[in-house]
Structure formats: C-alpha cells, structure tokens
Amino acid sequence: MGCSASCSGRIVHSDDDKIKDAKIIFVVGGPGSGKGTQCEKVVAKYGYTHLSSGDLLRAEVASGSERGKTLQAIMQKGELVPLDTVLDMIKDAMIAKVDVSKGFLIDGYPREVKQGEEFEKKIGAPCLLLYIDAKGETMVKRLMKRGETSGRSDDNEETIKKRLDLYYKATEPVIAFYSSRGIVRKIDSELPVDEVFGHVAKAIDGLK
Ligand SMILES: Nc1ncnc2c1ncn2[C@@H]1O[C@H](COP(=O)(O)OP(=O)(O)O)[C@@H](O)[C@H]1O
Ligand SMILES: Nc1ncnc2c1ncn2[C@H]1C[C@H](O)[C@@H](COP(=O)(O)OP(=O)(O)O)O1
Ligand SMILES: [Mg+2]
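Residues numbered from 1 in each chain as written. Chains lettered and ligands numbered in written order. Predicted model: local features only at pLDDT ≥ 70, side-chain atom pairs only at ≥ 80, totals over all residues. Heavy atoms only, no water.

- Within an unreviewed UniProt entry, the label attached to the chain reads Adenylate kinase isoenzyme 1, and the organism entered is Salmo trutta.
- A UniProt comment under Sequence similarities (unreviewed entry) is attached to the chain, and it reads "Belongs to the adenylate kinase family. AK1 subfamily."
- According to UniProt, the comment filed for the chain under the heading Subcellular location (unreviewed entry) is "Cytoplasm". (UniProt positions renumbered as here; feature names shortened; annotations may be inferred.)

The following block contains the structure:
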C-alpha cells in the first residue's frame, strides 16, 4: 500500500511511506530541561537528525515572513503556535532528510496530546519518548542563565513562568499518554550533562 510502480517498473515508496517507516524519537521535557543539549550529543554519537520545533519556528521568524511575525508574537507570550503550522514544518523537514537519516529526534513536540495524535495520523508512530525531567526551579534557573546570551525573546522571567505553567498543564499529559504504550524513558536531567547523556544513550541502545 502506498507504493507505486515507476515507469522503469521499480517500486517507488512515497515520501509519506518513507517517513512513516523512519525511526522516530520524541524528546519531551519542560522549557530549559536540557532537551536541546542532549539532542546535540545524540546527533554526535548516533548520527540521528535533530529537528527542534522551536528552532524551525525561530527560523521562520528570522526569515522575516508575514507568518514569522505572527509566530513571533505567540512565542514571545509563551503560548503554543497552531498545531498545523508546527506539524507541517516538522513533516517537510523530515521529508527533506529521510533519504539520508538514520532516525529522527523530534525535540519539543508533542507539546499537547492532540499534537501527538495528529503526528501519528500524518506521519507515523514514535518508538521511544525521552522524557527529560528537571525540577521547576532548576528549569527557571537554567533559562534565566541561558537568557543572558540566547537572544531569545521568550527567555525572560515573565515568559518563562508562562511556559512552565503551560508545560505542566498541556505537555505533562503527553507523558502519561505514551507511558501506557511502554515507550517512555524518564531521564533525570538534574545530573551533570554527561551523566544525563549516559542515561539517554542507554535508552537509545535499548532500541531494537
Ligand atoms: N544537565 C544539565 N546541567 C546543567 N545545565 C544544563 C544541563 N542541561 C542543560 N543545561 C543548560 O540549561 C539550559 C537549557 O538547556 P537546553 O538544552 O537549551 O534546554 P531545552 O531545549 O529543554 O529548553 C542551557 O543553557 C544548557 O546549557
Ligand atoms: N510543538 C509545538 N507546538 C506549539 N508551539 C511550539 C511547539 N514547539 C515550540 N513551540 C513554540 C512555543 C514555545 O514556547 C517556543 C519555544 O520552543 P522551544 O524552542 O522548544 O523551547 P525550549 O527548548 O526552551 O523548551 O516555540
Ligand atoms: Mg530547546
């Protein structure tokens, strides 16, 4: 299903089939928990493709497009951008890389259960969810520090508080949703970066 014979008679898999069959890892955790930090290390060790929804959105903002301006206003308030926007961006980015990718780290998505459901309808199922867990006060401290140099308009005290509240309300239920499927690995991100990565690597090595 979903395959078609090309003119030469070879079986051709559509882009949709290829991304559906890719190895997909969701990386979920609060703002400042260390998702991006760990993803970089996974890329270095395993060669997976790192797709951060936040980075994709910030690239759109940086392009100066009309859509980028709308997105910027939402992100500055610490709110979630519309589901379709972020899912389309992720899907396009996956299609662009699927032929050369060993697997995908989807960082910062899903941010709510509905995003997970739509991802599975339009793309495919994850084989692992890395739950990067840190205390609220740790996340705030890290983000305030990151804000000194990040240039991110959402790394300020007021927006950080809103992002954290939204994380607890909307994103934590994502973890319960996937726990029942047995694919969640909880990673203690209070530890030093390399120790955190030791646990991340163990979770990835446990994949078939
Ligand atoms: N295990 C850790 N210990 C101390 N600081 C960390 C750790 N992981 C990340 N950080 C720092 O916390 C900040 C947020 O990390 P980042 O990876 O950008 O988080 P996220 O992508 O989840 O928002 C960064 O400045 C990073 O250097
Ligand atoms: N999956 C998603 N759905 C809706 N909005 C998203 C999103 N991912 C990112 N955004 C928007 C809202 C976030 O507050 C902002 C920054 O996201 P991020 O870079 O993933 O933050 P962080 O890495 O600090 O957790 O971008
Ligand atoms: Mg990040």
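## Observations regarding the packing of helix α3 (residues 53–62) against helix α4 (residues 66–76)
Then step 1. It is at 7 Å that the axes of α3 and α4 come closest, and there the two elements cross at 130°. Viewed along their axes, α3 and α4 adopt a mutual orientation that is oblique. Seen from above, α3 lies across α4 with left-handed handedness. Contacts from Gly54, Leu57, Arg58, Glu60 and Val61 of α3 reach α4 at Arg67, Gly68, Leu71, Gln72 and Met75. (Axes fitted to C-alpha atoms, helices over the stretch in contact; angles between N-to-C directions. Helix = DSSP H or I, 4+ residues; strand = E, 2+ residues; numbered from the N terminus. Parallel < 35°, antiparallel > 145°, perpendicular 65-115°, else oblique. Left-handed = near helix turned anticlockwise from the far one by under 90°. Contact = heavy atoms within 4.5 Å.)

## Here we look at the pairing of strand β3 (residues 24–29)
Then step 1. Counting buried residues along β3, six of its six residues qualify, which places the element largely inside the surrounding structure.
Then step 2. Of the two faces of β3, the one holding Ile24, Phe26 and Val28 and the one holding Ile25, Val27 and Gly29 are both buried throughout.
Then step 3. In the sheet, β3 pairs with strand β6 (residues 128–133) via five bridges, with the strands oriented parallel. Counterpart to Gly29 in the pairing with β6 is Ile132. (Buried < 20%, exposed > 50% of the residue type's maximum accessible area, 1.4 Å probe, protein only. Pairing = 2+ DSSP bridges.)

## Remarks on the environment of Asp188
Then step 1. Relative to the elements of secondary structure, Asp188 occurs in strand β7 (residues 184–188).
Then step 2. Ignoring anything within four residues of it in the chain, the contact list for Asp188 reads Asp133 and Val196.
Then step 3. At 2.9 Å, the side chain of Asp188 forms a polar contact with the backbone nitrogen of Glu190. (Polar contact = N/O pair within 3.5 Å; in protein donor to acceptor, adjacent residues only side chain to side chain.)

## Here we look at the UniProt feature "binding site: ATP" (unreviewed entry) in the chain
Then step 1. Annotation from UniProt places "binding site: ATP" (unreviewed entry) at Gly32, Ser33, Gly34, Lys35, Gly36, Thr37, Arg146 and Leu191. As for the largest pocket, its lining draws on Gly32, Ser33, Gly34, Lys35, Gly36, Thr37, Arg146 and Leu191 from among the annotated residues.
Then step 2. Locating Gly32 in the fold gives a position in the loop between β3 and α2 (35–46).
Then step 3. Beyond its immediate chain neighbours, meaning those up to four positions away, Gly32 contacts Met139, Arg142 and Leu143.
Then step 4. Sequence-distant contacts of Arg146, defined by excluding residues within four places in its chain, comprise Arg152, Asp155 and Arg163. (1 Å grid on protein atoms, 1.4 Å probe; cavity = no way out; pocket = protein on both sides within 12 Å on 5 of 7 lines; lining within 4 Å.)

## Focus: the site of ligand 1
Then step 1. For ligand 1, the set of nearby residues contains 15 residues, the closest of which are Gly32, Lys35, Thr37, Arg146 and Leu191.
Then step 2. The side chain of Lys35 places a nitrogen or oxygen atom 2.8 Å from an oxygen atom of ligand 1.
Then step 3. Compared with its free state, where it exposes 560 Å², ligand 1 has 73% of that area covered by protein.
Then step 4. Here ligand 1 is seated within the largest pocket.
Then step 5. Mapped by element, the contributors of at least two residues to the shell around ligand 1 are α2, α7 (136–150) and α9 (193–205).
Then step 6. If you tally residues by element for the shell around ligand 1, the top one is α2, at three residues. (Near = heavy atom within 4 Å. Areas by Shrake-Rupley, 256 points an atom, 1.4 Å probe, with all protein chains shown as cover. Sits in = over half its atoms within 2 Å of the grid points.)

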